[in-house]
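# Topology and contacts: notes
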Amino acid sequence: MNNFTFYSPTYFVFGKDQECETGKYVKRFGGSKVLIHYGGGSVVRSGLLDRVKASLDKEGISYVELGGVQPNPRSGLVYEGIDLCRKEGVDFILAVGGGSTIDSSKAIAAGTVYDGDFWDYYMGKPVVDALPIGTVLTIAAAGSEGSPDSVITKEEGMFKRGASGEGFRPKFSILNPALTQTLPAFQTAAGVADIMAHLFERYFTTTKDVEVTDRVIEGLLLTMINEAPKVIANPNDYEARANIMWAGMMAHNNCCGVGRAQDWASHDIEHELSAVYDCAHGAGLAVVFPAWMTYNMHHDVMRFAQLAVRVWGCQMDFANPEKTAKAGIEALRRFFKSIGMPGNFEELGAKEEDIEMMAHTACYGNGRTGHIGGFASLSEEDVANIYRLML
Ligand code: NZQ
Ligand code: ZN
């Protein structure tokens, strides 16, 4: 196991009706003038926004609002949010929504207290200072409620890029699984695919003897495989929603990624798809991951076979471990299909003629230097080959 430090100071508040306590937590973490940031309207329609505002009113906390965050959040609204926060003297950002809203909130939080262009952070500058952030989560997916990361799309060039730093860890996150019951089945399933992808990105490692994190990841994957079909069949299954929601947090706050090299090429490959076609991130990953696995299996076939045996219940073929590894990848494909995820470029709405452009941007765009991936280092040609496997 590699040396590591791990500090994840977010205060989690989990369970039914907890959003009605939002004001109390904003106050506890020092907020007196809040920006409430939200998406395209689901939180208005569900009445959640009104409940959150009532809880702020109860604590005598004033606020301004900025809605309109799109899935795959854009830089334009971030600039607008930064201007608003400066003008209004906002000292706390409250994200009410999914990963896109949280990520946009994080970008505003960092940009408001920074003299330069907030995009510098999305070119690699670590985020140290930001306004404090709180979240009320409405979808189990991105893990942004516990992660030090944010992903924004810059409209100029349509670069979708991530920024990271301890300044991005939310001060508190409120997770009420019942809030996810209004999700369309497709968004629920895309969230499941994203959570599983966050686990795969960490599972495929070059670090030896990381049994504890291997086993935690496998347990979380088994949870997703067990619970996801329940919520697809019955969107109001609170217990299954609860298990998925906490798994989503654990999958990405890095408790199961410490002490080991990680990969993340599949996320880079997917981010090109959601930048170009505006597809749901999780749906893109459902297409990317089986292809990435097929292409890179030879780097450590025993690790792929281990996943197949421990998570998918495949029989180990000691004479031909590659066969076992492939059976695991096929099981993953079948699982994604069974929950309604796309399986190829066409189903995703992607086009063959864009492959070379996307492969180039993934490896060289926005300051990248040619290779992506920590488990398997991929060139532009490798990335194009992986896109071709998705046809
Ligand atoms: O905008 P509204 O109207 O709220 O609708 C949203 C949106 O259309 C809807 N929705 C969310 N909660 C709902 C709901 N509809 C009904 N009922 C509810 N309870 O779902 C749609 C998707 O929302 P979004 O916030 O985009 O979903 P998600 O959480 O999957 O976030 C995706 C974004 O996160 C980034 C992705 O790249 C993508 O841009 N990621 C962020 C990460 C991070 N910060 O750590 C890591 C991830 O790997 C990921 O890259
Ligand atoms: Zn993701």
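Residues numbered from 1 in each chain as written. Chains lettered and ligands numbered in written order. Predicted model: local features only at pLDDT ≥ 70, side-chain atom pairs only at ≥ 80, totals over all residues. Heavy atoms only, no water.

## What about the packing of helix H10 (residues 281-296) against helix H12 (residues 321-338)?
Operational definition: Here, axes are lines fitted to C-alpha atoms. For helices the fit covers the stretch in contact, and angles between N-to-C directions go from 0 to 180 degrees. The numbering of helices and of strands both runs from the N terminus, where a helix is a DSSP run of H or I of at least 4 residues and a strand a run of E of at least 2. The scheme is simple: roughly parallel for angles under 35 degrees, roughly antiparallel for over 145, roughly perpendicular for 65 to 115, oblique for anything else. Throughout, a residue-residue contact means that at least one pair of heavy atoms, one from each residue, lies within 4.5 Å. Charged residues are taken to be Asp, Glu, Lys and Arg, nonpolar residues to be Ala, Val, Leu, Ile, Met, Phe, Trp, Tyr, Cys and Pro, and polar residues to be all remaining types, Gly included.
It is at 10 Å that the axes of H10 and H12 come closest, and there the two elements cross at 175°. Judged on the interaxial angle alone, H12 and H10 are roughly antiparallel. Residue-level inspection shows Ala286, Pro290, Met293 and Thr294 of H10 in contact with H12, the latter providing Ile329, Leu332, Arg333 and Phe336. Split by residue class, the contact of H10 with H12 holds six nonpolar, one polar and one charged.

## Digging into helix H3 (residues 48-58)
Keep this limit in mind: Note on exposure labels: buried denotes an accessible area under 20% of the residue type's maximum, exposed denotes more than 50%, and partly exposed covers the range between, all computed with a 1.4 Å probe on protein chains only. It is the directions from the helix axis to the C-beta atoms that the arc portrays.
Of the positions making up H3, those classed as buried are Leu48, Leu49, Val52, Lys53, Ser55 and Leu56. For H3, the angular spread of the buried residues around the axis is 160°, confining them to a single face. Turned more than 90 degrees away from the buried face of H3 sit Asp50 and Lys58, all of them exposed. Summarising the contacts, the buried residues of H3 are in contact with helix H1 (22-28), strand E2 (33-38), helix H2 (42-45), strand E3 (62-66), strand E4 (92-97) and strand E5 (133-137). The first or second residue beyond H3 is Gly60, which carries a positive phi of 70°.

## A look at the packing of aromatic side chains
Inclusion rule: By convention, a stacked pair of Phe, Tyr or Trp rings (six-membered ring in the case of Trp) has centres within 6.5 Å and planes under 30 degrees apart, an edge-to-face pair has planes over 60 apart, and any other such pair is tilted. Throughout this description, the term charge over a ring refers to an Arg CZ or Lys NZ atom that lies within 6 Å of the ring centre and within 35 degrees of the ring normal.
What the rule picks out here adds up to 25 aromatic pairs. A ring pair is formed by Tyr11 and Tyr25, whose centres lie 5.7 Å apart and whose planes are at 35°; its orientation type is tilted. Highlighted residues: Tyr11 in strand E1 (residues 11-14) and Tyr25 in helix H1, separated in sequence by 14 residues. A relative accessible area of 35% means that Tyr11 is categorised as partly exposed. Ring centres 6.2 Å apart and planes at 50° place the aromatic pair Phe335 and Phe336 in the tilted group. The two residues Phe335 and Phe336 agree in class, both being buried. Joined through ring pairs, the aromatic side chains of Phe200, Tyr203, Phe204, Phe289, Trp292, Phe304 and Phe375 make up one cluster. Sitting over the ring of Tyr238, Lys16 keeps its end group 4.4 Å from the ring centre. Seen from the ring of Tyr11, Arg28 lies directly overhead, with NZ or CZ sitting 5.0 Å from the centre.

## Notes on the nonpolar core
Worth spelling out the cut-off: Here the nonpolar core consists of buried residues drawn from Ala, Val, Leu, Ile, Met, Phe, Trp, Tyr and Cys, with membership extended through side-chain atoms lying within 4.5 Å. Domain segmentation is taken from an automatic or database assignment of domains.
Met196, Leu273, Trp292, Met293, Trp312 and Tyr387 are the most contacted members of the largest nonpolar core, which has 76 residues in total. No other element matches helix H6 (residues 185-203), which puts 10 residues into this core. Per-domain counts for this core show at least three residues from each of domain 1 (11-179) and domain 2 (185-389). If sequence neighbours within four positions are ignored, Met293 has contacts with Phe200, Phe204, Phe304, Leu307, Ile329 and Leu332. Membership of the second largest hydrophobic core comes to 26 residues, among which are Leu77, Ala107, Tyr114 and Tyr121.

## Remarks on the environment of Ile82
Checked against the element boundaries, Ile82 lands in helix H4 (residues 75-88). For Ile82, a relative accessible area of 6% puts it in the buried group. With 28 residues separating them along the chain, Ile82 and Ala110 place their C-alpha atoms 8.8 Å apart. Look past the residues within four positions of Ile82 in its chain and what remains in contact with it is Ala107, Ile108, Gly111, Thr112 and Phe118.

## As for the pattern of salt bridges
Definition in use: Put simply, a salt bridge is a Lys or Arg side-chain nitrogen that is within 4 Å of an Asp or Glu carboxyl oxygen.
Enumeration over the complete set of coordinates arrives at 20 salt bridges. Residue Asp214 pairs with Arg303 through a salt bridge whose shortest N-O separation is 2.8 Å. Here the residue Asp214 occupies a position in helix H7 (residues 211-233), and Arg303 occupies one in helix H11 (residues 301-312), the gap between them amounting to 89 residues. As far as burial versus exposure is concerned, Asp214 and Arg303 are alike and both buried. The closest approach of N and O atoms between Lys230 and Glu227, which form a salt bridge, is 3.1 Å. Taken as a pair, Lys230 and Glu227 lie in helix H7 at a separation of three residues, close to a single helical turn.

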